[in-house]
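Listed below, chain by chain, are the residues.
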Amino acid sequence: MNKPVSRPSSIDALVTRAEQLAGLPLGELARRLVIEVPPHLRRDKGWIGQLLELALGASAGSKPEQDFPELGVELKTLPIDSNGKPLETTFVCVAPLTDIAGLRWEYSNVRNKLSRVLWIPVLGERGVAPADRIIGQPLLWEPSEEEERLLRQDWEEIMELISLGRVREITARHGQVLQLRPKAANGRALTEAVGRQGQPIMTLPRGFYLKTGFTAALLARHFML
């Protein structure tokens, strides 16, 4: 039985709670919350994020809103190596592939999710057992004007390609800081999109991800790496 954790009453309370977790192995945190630790993450890719959401009292779950909607904060865990470099891209949200006419950056889910993020680095390469990975110091971040400009530019370019029916032509190389990639448990999980002639097509769901260069620069700047 998981131990329920109350929602934080303020951003300061959330950050303080996150700071108190710094230095803990994930196995110890899981023990406190009475949660089973998987031996590896091949089938449990979201386990670390879910553990920290539970520990910090997040409420949104998989809904298309921030993890702490009442505080306007999104929680993102970031696996890093011993040099503080991100080990993988960061999932932001699922990309809309239909009914996107008139959708603007200002009202996009990407902007909403990234308007204020509590980053929690987790130290431990893939060869380290999940229980032995260490929670790092949290970072409360809001994009600078330049960071938002880069995010917006990539989002608009990618969304334009989707609207033109070219979703299948978009690769992970598109975008300077933001990329679009398939986001599905398997190749049978298809969703509707628009083809080049405006016709309905079936394709894999797509997700927006932050490239590692973006998150590496963010960590370097704030932690003086």
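Relevant structure appears above.
Note that the structure is predicted; figures quoted are calculated from it, not measured. (Residues numbered from 1 in each chain as written. Predicted model: local features only at pLDDT ≥ 70, side-chain atom pairs only at ≥ 80, totals over all residues. Heavy atoms only, no water.)

### Considerations on the sheet that holds strand 9 (residues 206-210)
Here three strands make up an open sheet; going across it, the order is 2-9-6 and the pairing antiparallel. The two strands at the open ends of the sheet, each matched to only one other strand, are strand 2 (90-94) and strand 6 (178-182). Strand-to-strand, the axes of this sheet are offset by a mean angle of 35 degrees, without reference to chain direction. Where strand 2 and strand 9 come together, four bridges link them in antiparallel fashion. Each residue of the ladder has a partner; that of C93, found in strand 9, is F208. Sitting on the sheet, helix 5 (residues 145-163) is in contact with strand 6 and strand 9, with an inclination near 40 degrees to strand 6. (Pairing = 2+ DSSP bridges. Helix = DSSP H or I, 4+ residues; strand = E, 2+ residues; numbered from the N terminus. Axes fitted to C-alpha atoms, helices over the stretch in contact; angles between N-to-C directions. Contact = heavy atoms within 4.5 Å.)

### Digging into the pattern of salt bridges
This model, assessed by the stated rule, comprises 14 salt bridges. In this structure, a network of salt bridges that share partners links the residues R104, E106, R152 and E156. (Salt bridge = Lys/Arg side-chain N within 4 Å of Asp/Glu carboxyl O.)

### Observations regarding the packing of helix 1 (residues 11-21) against helix 3 (residues 47-56)
Relative orientation and spacing of two packed helices are given, respectively, by the angle between their axes and the distance between those axes. Across the interface, helix 1 lies against helix 3 with an axial gap of 10 Å and an inter-helix angle of 125 degrees. Taken together, the axes of helix 1 and helix 3 lie oblique to each other. Relative to helix 3, the crossing made by helix 1 is right-handed. Of the residues in helix 3, those in contact with L14, R17, A18 and L21 of helix 1 are L52, A55 and L56. Partitioned by chemical class, the residues of the contact of helix 1 with helix 3 number six nonpolar, no polar and one charged. (Parallel < 35°, antiparallel > 145°, perpendicular 65-115°, else oblique. Left-handed = near helix turned anticlockwise from the far one by under 90°. Nonpolar A, V, L, I, M, F, W, Y, C, P; charged D, E, K, R; others polar.)

### Details of the packing of aromatic side chains
Remark: the centre distance and the inter-plane angle together describe each pair of aromatic rings, the angle taken between the planes. By the definition in use, this model includes four aromatic pairs. One cation-aromatic arrangement involves K183 over F91; the distance from NZ or CZ to the ring centre is 4.2 Å. (Phe/Tyr/Trp six-rings, centres within 6.5 Å; stacked < 30°, edge-to-face > 60°. Lys NZ or Arg CZ within 6 Å of the ring centre and 35° of its normal.)

### Topic: the pairing of strand 7 (residues 191-194)
One face of the sheet, then the other: side chains in a regular strand alternate in exactly this way. In the sheet, strand 7 pairs with strand 8 (residues 200-203) via four bridges, with the strands oriented antiparallel. Within the sheet, the bridge partner assigned to A193 lies in strand 8 and is I201. What sits between strand 7 and strand 8 in their antiparallel hairpin is a turn of five residues, with G198 showing a positive phi close to 85 degrees.

### Things to note about the nonpolar core
Judged by nonpolar contacts, the single largest core of 33 residues is most densely connected at V110, I162, L178 and F208. Tallying contributions element by element places helix 5 first for this core, with seven residues. Sequence-distant contacts of I162, defined by excluding residues within four places in its chain, comprise P96, L97, I100, V167, I170 and L180. Counting 25 residues, the second-largest nonpolar core is a separate cluster that includes L14, A18, L29 and I135. (Core = buried A, V, L, I, M, F, W, Y, C linked by side-chain atoms within 4.5 Å. Buried < 20%, exposed > 50% of the residue type's maximum accessible area, 1.4 Å probe, protein only.)

### Focus on helix 5
Taking 1.5 Å as the rise per residue, helix 5 with 19 residues should run 27 Å; its terminal C-alpha atoms sit 26 Å apart, in good agreement. Residues of helix 5 that are buried: E147, L150, L151, D154, W155, I158, M159, L161 and I162. The arc that holds every buried residue of helix 5, seen down its axis, measures 155 degrees, which confines them to one face. The secondary structure elements touched by the buried residues of helix 5 are helix 4 (109-114), strand 5 (139-141), strand 6, strand 9 and helix 6 (212-223). Two residues or fewer after helix 5 comes G165, characterised by a positive phi angle close to 80 degrees. (Expected span 1.5 Å × (residues − 1). Arc of directions from axis to C-beta.)

### Some remarks on the pairing of strand 9
With five of its five residues buried, strand 9 lies for the most part within the structure. Strand direction decides the pairing type here: strand 6 and strand 9, joined by five bridges, are antiparallel. Looking at strand 9, one finds that Q179 is bridged to Y209.

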